[in-house]
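Single-letter residue listing:
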Amino acid sequence: MWDLNYVNDMINLKSEMIQDKDNFIREADFNRDITQCVVSRSNLLQQLTKLEEIRDEIQKCLDLEDMNDYISQFALVHTLIESYKAITEEARNQ
């Protein structure tokens, strides 16, 4: 499931979701409480940043020739994915 295409798709999705939040915030009346929307946007930005980091590290992994380096990079990517899952779960629970 987690490969470069999947990560790029997720980056595009999160970017679109952030744009939707931005549009909603800009169009909101000034008497509207946008606190939840702002928190949600902040969570999306955090997720997007993690996904971009994962994408960059996957690309580095794919470019490696040495198997020892590949294994180390693979472990880093796995750790980053687990971190992403944790912040995503935390955002859901807010």
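Before any of the text, the structure's been laid out above.
From a predicted model like this one, the values you see are computed outputs, not experimental measurements.

Let's talk about the overall build of the protein
Inference 1: Tallying secondary structure elements over the protein gives three helices and zero strands in all.
Inference 2: Reading the secondary structure of the protein in the N-to-C direction produces α-α-α.
Inference 3: Computed over its C-alpha atoms, the radius of gyration of the protein comes to 16 Å, more than 25% above the 12 Å expected for a compact globule of 94 residues.
Inference 4: Residue burial in the protein is summarised as follows: out of 94 residues, 27% are buried.
Inference 5: A sequence separation of at least 24 residues applies to 66% of the contacts in the protein between residues at least 6 apart.
Inference 6: When the accessible surface of the protein is summed, it comes to about 6700 Å², and 49% of that surface belongs to carbon and sulfur atoms.

A closer look at helix α3 (residues 67-92)
Side chains of residues three or four places apart in an α-helix project in the same direction, reflecting 3.6 residues per turn.
Inference 1: Taking 1.5 Å as the rise per residue, α3 with 26 residues should run 38 Å; its terminal C-alpha atoms sit 37 Å apart, in good agreement.
Inference 2: Where α3 is concerned, the buried positions are Q73, V77, L80, I81, Y84, I87, T88 and A91.
Inference 3: Packing partners of the buried residues in α3 comprise α1 (4-27) and α2 (35-63).
Inference 4: Its side-chain oxygen at 3.1 Å from the backbone nitrogen of N68, D66 defines the N-terminal cap of α3.

Re the side chain of Q73
Inference 1: In this structure, Q73 sits in helix α3.
Inference 2: Filtering out sequence-adjacent residues up to four positions away, Q73 remains in contact with E57, K60, C61 and L64.

So, the packing of aromatic side chains
The geometry of an aromatic ring pair is captured by two quantities: the separation of the ring centres and the angle between the planes.
Inference 1: Across all of its chains, the model carries three aromatic pairs by this definition.
Inference 2: Their ring planes at 75 degrees and their centres at 5.0 Å tell us that W2 and Y6 sit as a pair that is edge-to-face.
Inference 3: A centroid spacing of 5.7 Å and a plane angle of 75 degrees characterise the contact between W2 and Y84, whose relative ring orientation is edge-to-face. In this pair, W2 is assigned in the segment before α1 and Y84 in helix α3, connecting sequence segments 82 residues apart.
Inference 4: Three or more aromatic residues joined by ring pairs form one cluster here, namely W2, Y6 and Y84.

So, α2
Inference 1: Helix length check: α2 (29 residues) gives 43 Å between terminal C-alpha atoms against 42 Å at 1.5 Å per residue, within 8%.
Inference 2: Those residues of α2 not exposed but buried are C37, N43, L44, Q47, L48, L51, I54, E57, I58 and C61.

A word on the pattern of salt bridges
Inference 1: Enumeration according to the criterion identifies five salt bridges in this entry.
Inference 2: Residues D22 and R41 are paired through a salt bridge, measuring 2.3 Å at the closest nitrogen-oxygen approach. On the criterion of sequence distance, the pair formed by D22 in helix α1 and R41 in helix α2 is long-range, its members being 19 residues apart.
Inference 3: Its relative accessible area of 27% is what places R41 among the partly exposed residues.
Inference 4: Across the salt bridge formed by K60 and E57, the nearest N and O atoms sit 3.2 Å from each other. With K60 and E57 both in helix α2 and three residues apart, the pair spans about one turn of that helix.
Inference 5: A residue is classified by how much of its surface remains accessible, and E57, at 12% relative accessible area, is buried.

About the criteria used
Chains are numbered independently. Their residues run from 1 in the order of the written sequence. Reporting in this predicted model follows two pLDDT cut-offs: at least 70 for local features of residues, and 80 or more for side-chain atom pairs to be given and counted; totals over whole chains, interfaces and linings ignore these cut-offs and use all residues. The side-chain quantities take in all heavy atoms of the structure and omit both hydrogens and water. Helix numbering and strand numbering both begin at the N terminus, where a helix is a DSSP run of H or I of at least 4 residues and a strand a DSSP run of E of at least 2. The globule rule used for comparison is 2.2 Å times the number of residues to the exponent 0.38, while the radius of gyration itself is calculated over C-alpha atoms. Working definition: with a 1.4 Å probe on protein chains only, accessible area under 20% of the residue-type maximum means buried, over 50% means exposed, and in between means partly exposed. The contact criterion used is simple: two residues touch if any of their non-hydrogen atoms lie within 4.5 Å. Using the Shrake-Rupley algorithm and a 1.4 Å probe, accessible areas are obtained, with residue cover drawn only from the displayed protein chains. Expected span, for any helix, means 1.5 Å times one less than how many residues it has. Two N or O atoms count as a polar contact when they lie within 3.5 Å, although within protein this holds only if one can serve as hydrogen donor and the other as acceptor, and sequence-adjacent residues are included solely when both atoms are side-chain atoms. In this analysis, rings of Phe, Tyr and Trp, with Trp reduced to its six-membered ring, are considered paired at centre separations within 6.5 Å, and the interplanar angle assigns stacked below 30 degrees, edge-to-face beyond 60, and tilted for intermediate values. The rule for a salt bridge is simple: a side-chain nitrogen of Lys or Arg has to be within 4 Å of a carboxyl oxygen of Asp or Glu.

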